[in-house]
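# Architecture and fold: a report
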Amino acid sequence: MRKVIGIGETVLDIIFKDDQPTAAVPGGSVFNALISLGRAGVPASFISETGNDRVGRTIVNFLQANGVDASSVYVYPDSKSPISLAFLNEQNDAEYIFYKDHPNDRLEFTYPDIQPDDIVLFGSYYAVNPVIRPQVAGFLDYARQHGAILYYDVNFRASHKNEVLKLTPNILENLEMADIVRGSTEDFEVMFRKNDPDVIYRTQIAFYTRKFICTQGDKPIELRADGGLKKQYAVERAADTVSTIGAGDNFNAGFAYGLIRYGITRQHIENGLSEQQWDQLICCAQQFSANVCKSINNSIDVDFGRQMAGQLNG
């Protein structure tokens, strides 16, 4: 079976509600997606880094327990693992504070096996961080040469707003390498001071890729794709929403799951996907995203994962 390879940060998310800690769960944008894919029966491996401490061991054990290959997670011998504080508001959306202690980031890892039509997920600050950029860019180039599908989730937070100018070359290089780009209007407001999906696509994305998904919280998802395809997908915010922390990450997981479930290859993507194929992919993405919002956890629940695994193999 085809597999998904993710490259990104690992953190321990400590979640606060009404200024009181309510849970502590391993997290990180790509990490969350891979845990969900592992639970959904998709072969997955993760490239990352963590500290040589109890939190680091928890993160590696959590990956392995959920069926994700952790052999490419580099453990810094003399560093502490990063921590994230997530404060939920009345709508259960999160505001973050990050704490990181990697004084000598260098990201050492062995490239995992990559076959044609495997899927690589990358994004967030990790994908543009100048300190580890040579290793990240080298891996993405390697994956592309081996026929992988590259899915880029921009996920650029306001905390890095003052670095936009410095990071723009890396952002543009990612857009150029990606087969599919997803970003939120918040991301593009921070990076380019634009929040209209049409304007974002026309001025920032279309030159690099014709496959663009723009999410807008509880507003409709906007798709722009080959052949002038322009479509909206309604977002239904469930009454039983507990936390939206993993919503975007699991949208990505569901999309990758859909690529495998419906047999969509790199060749299909290069030739241009049909509207029906996009509908199938966005449907899977929304299913994963909706499920994760029903709990305080960052990934889909185990029962839903089994259900998705059954459909994948059925």
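Residues numbered from 1 in each chain as written. Predicted model: local features only at pLDDT ≥ 70, side-chain atom pairs only at ≥ 80, totals over all residues. Heavy atoms only, no water.

## Some words on the packing of aromatic side chains
Formally: Within 6.5 Å between ring centres, the rings of Phe, Tyr and Trp (the latter by its six-membered ring) count as paired, and their orientation is classed by plane angle as stacked under 30 degrees, edge-to-face over 60, tilted in between. Segments assigned H or I by DSSP are reported as helices when at least four residues long, segments assigned E as strands when at least two residues long, and all are numbered from the N terminus. Residue exposure (1.4 Å probe, protein chains only): buried if accessible area is under 20% of the type maximum, exposed if over 50%, otherwise partly exposed.
Applying the stated rule across the entire model yields 18 aromatic pairs. With a centroid separation of 4.6 Å and 25° between ring planes, the pair formed by Phe-16 and Phe-87 is classed as stacked. Taken together, the positions of Phe-16 in strand 2 (residues 11–17) and Phe-87 in strand 6 (residues 80–88) put the pair 71 residues apart, joining distant regions of the chain. Of the residues examined, Phe-87 reaches a relative accessible area of 24% and is grouped as partly exposed. Residues Tyr-201 and Phe-212 carry aromatic rings whose centres are separated by 6.0 Å and whose planes lie at 10° to one another, so their mutual orientation is stacked. Here the residue Tyr-201 occupies a position in helix 6 (residues 197–205), and Phe-212 occupies one in strand 11 (residues 212–216), the gap between them amounting to 11 residues. Here Tyr-201 falls in the buried class, since its relative accessible area comes to 12%. Following the ring pairs from residue to residue traces out a cluster consisting of Phe-109, Tyr-111, Phe-139 and Tyr-142.

## Here we look at helix 10 (residues 302–313)
Keep this limit in mind: Expected span of a helix: the number of residues minus one, times 1.5 Å. Directions from the helix axis toward the C-beta atoms define the arc. We call two residues contacting when some pair of their heavy atoms lies within 4.5 Å. Within 3.5 Å is the distance limit for a polar contact, defined as a pair of N or O atoms, with the added protein rule that one can donate a hydrogen and the other accept it, and that residues adjacent in sequence qualify only through two side-chain atoms.
If you check helix 10, its first and last C-alpha atoms are 16 Å apart, about what 12 residues at 1.5 Å a residue would give, namely 16 Å. Every buried residue belonging to helix 10 is among Phe-304, Gly-305, Met-308, Ala-309 and Leu-312, and all of these are buried. Along the axis of helix 10, the buried residues cluster in a sector spanning 140°; they form a single face. Away from its buried face by more than 90 degrees, helix 10 exposes Asp-303, Arg-306 and Asn-313. Contacts from the buried residues of helix 10 go to helix 1 (29–39), helix 7 (247–261) and helix 9 (275–292). Here helix 10 starts with a cap whose side-chain oxygen sits 3.2 Å from the backbone nitrogen of Asp-303, and that cap is Asp-301.

## Digging into helix 9
Spanning 18 residues, helix 9 covers 26 Å between terminal C-alpha atoms, matching the ideal 26 Å at 1.5 Å per step. Burial in helix 9 covers these residues: Gln-277, Trp-278, Leu-281, Ile-282, Cys-284, Ala-285, Phe-288, Ser-289, Asn-291 and Val-292.

## Comments concerning the nonpolar core
Just so we agree on the cut-off: Remark: nonpolar core denotes a set of buried residues (Ala, Val, Leu, Ile, Met, Phe, Trp, Tyr, Cys) joined through side-chain atoms within 4.5 Å.
Ranked by size, the top nonpolar core spans 53 residues in total, and within it Val-4, Leu-37, Leu-121, Ile-213, Phe-255, Tyr-257 and Trp-278 carry the most contacts. Look past the residues within four positions of Leu-121 in its chain and what remains in contact with it is Val-4, Ile-5, Gly-6, Ile-7, Val-30, Ala-33, Leu-37, Tyr-151 and Ala-256. The next biggest cluster of nonpolar side chains, apart from the first, holds 38 residues, and it includes Ile-7, Phe-139, Leu-140 and Ala-148.

## Quick look at the pattern of salt bridges
Spelled out, the test is: A side-chain nitrogen of Lys or Arg and a carboxyl oxygen of Asp or Glu constitute a salt bridge if their distance falls within 4 Å.
Applying the stated criterion across every chain yields a total of 15 salt bridges. The partner of Arg-133 in a salt bridge is Glu-173, with the nearest N and O atoms 2.9 Å apart. Of this pair, Arg-133 sits in helix 3 (residues 133–145) while Glu-173 sits in helix 4 (residues 164–177), placing them 40 residues apart in sequence. Residue Glu-173 is classed as partly exposed on the basis of its relative accessible area, which comes to 34%.

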